[in-house]
Amino acid sequence: MTELHQTLCNLLTALPLASRIELPTSLPPHLKLLPASKASGSLELYKYFDKSSEAALEPSASAKELPHSGGPSVLQNVKLRLRRNTENLLRRAEKNVTVSPTATLRPNFCAAPINGILDLSNSKLSEEELTLKLDQDLCQAQLDRILELDISHSDLEMDLLSLFILVLPMKNVQSVDASYNKLTVNILDVEALCKFPFSKLLFLNISNNPINSLDTLCLPSTIKVIDLSFTNISQIPQNFAKKMINLENMYVQGNHFIYTVHPEITNAVPKFCPGTVHINAISFVRNQAGTPIESLPKKVKHLKMSNCSIVELPEWFADTMEELLFLDLSSNRISVLPDLPISLQHLDISNNDIKIIPSSFKSVSNLTTLNIQNNKITDLHPEYFPLTLTKCDTSKNKLNVLSLTDVLEKLDYLNVSGNLITRLEPGSHLSALTNLDSSHNLISELPDHFGKSLPMLKYFNLSGNKISFLQPGALPPSLIELDISDNAITTIVEDTFGQLTSLSVLTVQGKHFFCNCDLYWFVNVYIHHPHLQINGRGNLRCSFPPDRRGSSVESSNLTLLHCSLGIQMAITACVAILVVLVLAGLCWWFDGLWYMRMGWYWCMAKRKQYEKRPESKPFDAFVSYSEQDANWTKENLLEKLETDGFKICYHERDFKPGHPVLGNIFYCIENSHKVLFVLSPNFVNSCWCQYELYFAEHRVLNENQDSLIMIVLEDLPPNSVPQKFSKLRKLLKRKTYLKWSPEEHKQKMFWHQLAAALKTTNEPLVRAQNGSAQDVYEME
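The rules behind these values
Residues numbered from 1 in each chain as written. Predicted model: local features only at pLDDT ≥ 70, side-chain atom pairs only at ≥ 80, totals over all residues. Heavy atoms only, no water. pLDDT = per-residue confidence, 0-100. Contact = heavy atoms within 4.5 Å. Core = buried A, V, L, I, M, F, W, Y, C linked by side-chain atoms within 4.5 Å. Buried < 20%, exposed > 50% of the residue type's maximum accessible area, 1.4 Å probe, protein only. Helix = DSSP H or I, 4+ residues; strand = E, 2+ residues; numbered from the N terminus. Disulfide = S-S within 2.5 Å. Salt bridge = Lys/Arg side-chain N within 4 Å of Asp/Glu carboxyl O. Pairing = 2+ DSSP bridges. Polar contact = N/O pair within 3.5 Å; in protein donor to acceptor, adjacent residues only side chain to side chain. Expected span 1.5 Å × (residues − 1). Phe/Tyr/Trp six-rings, centres within 6.5 Å; stacked < 30°, edge-to-face > 60°. UniProt positions renumbered as here; feature names shortened; annotations may be inferred.

Right, let's talk about the confidence of the model for the chain for a bit. Here the chain averages 78 in pLDDT, while 74% of its residues score no lower than 70. Contacts of residues 277-289 to residues separated by more than four positions or lying in other chains number 22 contacts, the stretch itself having pLDDT below 50.

Bringing the nonpolar core into the picture now. One finds Phe460 and Phe497 to be the most contacted residues of the largest nonpolar core, which totals 131 residues. When residues of this core are traced back to their parent elements, those giving at least two are helix H7 (127-133), helix H8 (136-144), helix H9 (160-167), strand E16 (402-404), helix H14 (520-524) and strand E25 (540-544). If you tally residues by element for this core, the top one is H9, at six residues. For phenylalanine 497, the residues in contact, after removing those within four places along its chain, are Leu470, Leu475, Leu482, Ile484, Ile492, Leu506, Trp521 and Tyr526. Judged by nonpolar contacts, the second largest core, of 25 residues, contains Ile669, Phe683, Val684 and Met710.

Under the defined criterion, the tally for this structure stands at three disulfides. Between cysteine 110 and cysteine 139 runs a disulfide, and the two sulfur atoms are separated by 2.0 Å. Taking the torsion about the sulfur-sulfur bond, which here is approximately -85°, the covalent link between cysteine 110 and cysteine 139 counts as left-handed. Residue cysteine 110 is located in the loop between helix H6 (101-109) and strand E1 (117-119), and its partner cysteine 139 is located in helix H8; the two are separated by 29 residues in the primary sequence.

As a working rule, side chains carrying opposite charge can pair if their charged atoms are close by. Tallied over the full model, the rule gives 14 salt bridges. Its salt-bridge partner being lysine 124, residue aspartate 155 comes within 3.1 Å of it at the nearest N-O pair. Residue aspartate 155 is found in the loop between strand E2 (148-150) and strand E3 (157-159), and its partner lysine 124 is found in the loop between E1 and H7; the two are separated by 31 residues along the sequence. Note that glutamate 642 and arginine 653 form a salt bridge whose closest N and O atoms lie 2.8 Å from each other. Placement of glutamate 642 in helix H18 (residues 630-643) and of arginine 653 in helix H19 (residues 651-654) is noted, with a sequence separation of 11 residues between them.

Right, let's talk about the pairing of strand E28 (residues 672-679) for a bit. Extensive coverage of E28 is indicated by the burial of seven of its eight residues. Pairing of strand E26 (residues 619-624) with E28 involves five bridges; the strand directions are parallel. Note that in E28 the partner of phenylalanine 622 across the bridge is valine 675. Pairing of E28 with strand E30 (residues 708-712), which is carried by five bridges, proceeds in the parallel orientation. Pairing of phenylalanine 677 across the sheet is with methionine 710, part of E30.

A few words on helix H20 (residues 661-670). The element H20 is largely enclosed, with a buried count of seven among its 10 residues. Along H20, the residues classified as buried are Leu662, Asn664, Ile665, Phe666, Cys668, Ile669 and Glu670.

The next thing to look at is the environment of asparagine 209. Along the polypeptide, asparagine 209 turns up in the loop between strand E6 (203-205) and strand E7 (225-227). Residue class for asparagine 209 comes out buried when judged on its relative accessible area of 2%. In sequence terms asparagine 209 and phenylalanine 230 are 21 residues apart; their C-alpha atoms lie 7.1 Å from each other. Leaving out residues up to four positions away in the same chain, asparagine 209 has contacts with Ala178, Ser179, Tyr180, Asn181, Lys182, Leu183, Phe230 and Thr231. A polar contact is formed between the side chain of asparagine 209 and the backbone nitrogen of lysine 182, at a distance of 3.2 Å.

This paragraph deals with helix H24 (residues 744-759). The terminal C-alpha atoms of H24, which comprises 16 residues, lie 23 Å apart, in line with the 22 Å expected from a rise of 1.5 Å per residue. Those residues of H24 that fall on the buried side of the exposure criterion are Lys746, Gln747, Phe750, Trp751, Gln753, Leu754, Ala755 and Leu758.

Turning next to the packing of aromatic side chains. Within this structure, the stated rule accounts for 11 aromatic pairs. An angle of 40° between the planes, with centres 6.5 Å apart, marks the rings of phenylalanine 522 and tyrosine 526 as tilted. Summarising the burial analysis for this pair, phenylalanine 522 and tyrosine 526 share the class buried. Here phenylalanine 750 and tryptophan 751 contribute two aromatic rings whose centre-to-centre distance is 5.2 Å and whose plane-to-plane angle is 75°, an arrangement assigned as edge-to-face. In this structure, phenylalanine 750 and tryptophan 751 share a single accessibility class: buried.

This paragraph deals with the environment of proline 237. Mapped onto the elements, proline 237 comes out in the loop between E7 and helix H10 (240-243). Take proline 237: its relative accessible area is 4%, and that puts it in the buried class. Along the chain, proline 237 and leucine 214 lie 23 residues apart, while their C-alpha atoms are 6.6 Å from each other. Not counting residues up to four positions away in its chain, the partners in contact with proline 237 are Leu214, Asp215, Glu294 and Ser295.

Our focus in this paragraph is the pairing of E26. Burial analysis of E26 places five of its six residues in the buried class, the great majority of the element. When E26 meets strand E27 (residues 648-649), the two strands line up parallel, connected through two bridges. Opposite phenylalanine 622, over in E27, you have cysteine 649 as the bridge partner.

In this section: the UniProt feature "transmembrane region" (unreviewed entry) in the chain. What UniProt calls "transmembrane region" (unreviewed entry) maps, in this numbering, to residues 565-590. This span, residues 565-590, is 96% helix and 0% strand, and a straight line between its end C-alpha atoms measures 36 Å.

In structure tokens form, the structure reads like this:
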């Protein structure tokens, strides 16, 4: 440092007399001159180099002989700048010599920090004005309190080395933000001077400055975080790692890492044959010097090199960067996934040209977060991924099939949106996955076991697919947020969504809904759930029925009466019961019960006709009478006929015990040659007599033989025959009958005619009907 002091002082002393500074006769007390024996009249401008720093910086050959390269040296630039600033300072001091300079200059020119932060951003200060505000002699007390310096967005024009000479007096500064200015770096090598006595400076932001090159960059080695984004650098030189040995976080995005190889310059002009194509210069990513990334500090843990036109990483990268945890290579031109350090935990390689993920990728055994979106991957092999992976973004690729296996047992977040996937098929039980984004694919359905395969899924995005129906079991009950918007869904049913008891946010919109009763539960119940937020409910549109196409789903008039099958059945049952009651009343009023029973017995008779008829009939006649006429029938009719040798069948004697009454009636009618009906008002009031008459006539029609004999015991007034005896009325009008008389002389004729009728054979029905239908045989 003594040598550096002496060199700077000699340079100032060597100035011509005409160019030396004319000092005023009266100087402020804070501007002092050194004795001639020490500095030959030069100002004491370097007293911030303390003894400890002097001991740390040893003289070197490069400090004694600095390169010139045909232009002014770095020291000359520093000398001129310091001389110009000093002149300005002295001129201002001379104007204020009549007052106390210390009292007036300090509050007007010194920049005072607030809570350790000196904010000079957007101040548009010139280099001279900044030099005065940060003057060591005037403002040392304020400089000692500065912890963070912000001079960003100020259009400041100066070189980086001069800026750090101004920062040197800030003993406690930890952060410097000089972004969005016009800072440059000297094109000459100043490595001999690039040793600063800083111990606390950790953060430096010089992004968005025209740095252009890092070859001659001169910065304190204590820096741990540096931002070189958008500084027009085209490479990271070999000496960068040696200069920044403590660097941990490095940001270089937005630069252009490309070399241009120029041909060798020769005096001789080559001659080419006609038709020869001569390429004078080609732009390569590699040249003879190798990759544009020639070195990186080994301690770097956070490295961001997005949008830098990188095609590949250097071969030494994986073995050298042993402490790297975060790597951002997004928006480059990488086509092959490079070898990566094992320590890496976060990788962003999105917006590149990667087509496959090699099996060697599994060796990055500590990786937990992977962003590989917007590449050209067509096939995804989960077995190639590190087992430690918890978050993965493979969106905007060209995946056709998504196969999820238990290899990714720790996977918590997966984004496969914007691919060409047609079906989600989890092959195993993924118990850790809680967030799945499969939006904007070609998925048409979810398998019914999908929900069971993802028991812990909480956030599921299915928007922008082609799903028309979500079947029960397709969604896990653990869901908290679900997005099914912009699909082809036609209905939302309770069997599927009623099981999602934890769902709090549902995003659904579309124009394919069937506004019928299948949507009743959603429109009238689910959409009004107090603990559910439904986004997009106003954008739901009907596509069916045609008369409601385009109308809002919420305005659908789906009533419970119209859509509830249970209520419809209950109402139908009530109406049916009411109708039955009305019909029962009508039947009771109009003898409907009798007609029903008659219909039943008629059916039985119809079936009876298919049974085998008896070849010989054991009875001559079957007598049908009312119980009120039983005395006359037994004492007169039966006794007389059986005395005359006729075998008569009547129910009290010849019905078989234990057999149905209907069966006995059938049997007696079928096994008798004739059927005698004892007619009286009592007869027409007997249901059994009507049944016997009905079945007897049925036999006549079936056998086509007239076997009926009518005996009128008592006269039957026309109005006395009920409506249900309509057949009897017809028979009395068209058939000859015998009439009983109490007079004895008429009784003999009655018995004679009856015996003759019983002995005759049964005539065909047609002939019988053509006979005299109005003949009445009476005993006069």
